[in-house]
Amino acid sequence: MLFQNPENEVFIEDMQEQMDKAVSAYSGELASLRAGRANPRLLDKLLVEYYGTMTPVNQMANIMCPDPRTIVISPWDINAIKDIMKAIQASDLGLNPSEDGKVVRLSLPILTEERRKELVKTVKKMCEDRKVAMRNVRRDCIDEYRKLKKDNKLTENELEVAEKEIQKVLDNATNKIDAMTKDKEKELMEV
């Protein structure tokens, strides 16, 4: 227990929860970024107009990767193939789908060196944006503890302990994000 009054720990717990969510969201963003290797999560954000409703493709079909350069979409309703094709062509994936009446195939082209470097820059920017957001959460959390200190609900020592604990939470989340970024950069630069 960090404080005499256990209620004062709620801000650090909230911050920890926000950091965990930020790390999880960042992981999802990285997974949906095309790295030249087939990955079903590449289609996570793809919405298909299906009977008048925008539906995620992964809720209307099985998505498989039979080899490192191909994604196969097997819709549960074969009538949805045309809708899936339209959604892929309209998306920003930059892929040309083909279909054989039963499944939709996506062939991922090999990334050029220039495109790989662009993607690494994108990943670094995403990483920095996430870190800025996390530092803002830290600042807000510290402000809450300074208000408590100002209202005499916290001692100077407790404020110092809180600031150290908050920094520890931020450092832990930042290290996770840095590790994920480094892994993604390595994956992107693989030929």
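Relevant structure appears above.
If you're wondering where the values come from, they're calculated on a predicted model, not measured in any experiment. (Residues numbered from 1 in each chain as written. Predicted model: local features only at pLDDT ≥ 70, side-chain atom pairs only at ≥ 80, totals over all residues. Heavy atoms only, no water.)

Visitor: Would you explain the pairing of strand β4 (residues 70-75) in this entry?
Guide: As a general feature of sheets, a regular strand has side chains that alternate between the two faces. Across the six residues that make up β4, a large majority, six, are buried. Every second residue of β4 is oriented toward a common face, with Thr70, Val72 and Ser74 on one face and Ile71, Ile73 and Pro75 on the other, all of them buried. Relative to β4, strand β3 (residues 61-67) runs antiparallel, the two sharing five bridges. Across the sheet, residue Met64 finds its bridge partner in β4, namely Val72. As paired strands, β4 and strand β6 (residues 104-107) are joined by four bridges and run antiparallel to one another. In the strand pairing of β6, Thr70 is matched with Ser107. (Buried < 20%, exposed > 50% of the residue type's maximum accessible area, 1.4 Å probe, protein only. Helix = DSSP H or I, 4+ residues; strand = E, 2+ residues; numbered from the N terminus. Pairing = 2+ DSSP bridges.)

Visitor: Can you help me understand the sheet that holds strand β5 (residues 97-99) in this one?
Guide: Backbone-to-backbone hydrogen bonds join strands into a sheet, with any given pair of strands oriented parallel or antiparallel. Read from one edge of the open sheet, four strands run β3-β4-β6-β5, paired in antiparallel fashion. The open sheet is flanked by β3 and β5, the only strands paired with a single partner. Direction aside, neighbouring strands of the sheet carry axes that sit 25° apart on average. As defined by bridge partners, β5 adjoins β6 across three bridges and the pair is classed as antiparallel. Within β6, the position partnered with Ser98 by the bridge is Arg105. (Axes fitted to C-alpha atoms, helices over the stretch in contact; angles between N-to-C directions.)

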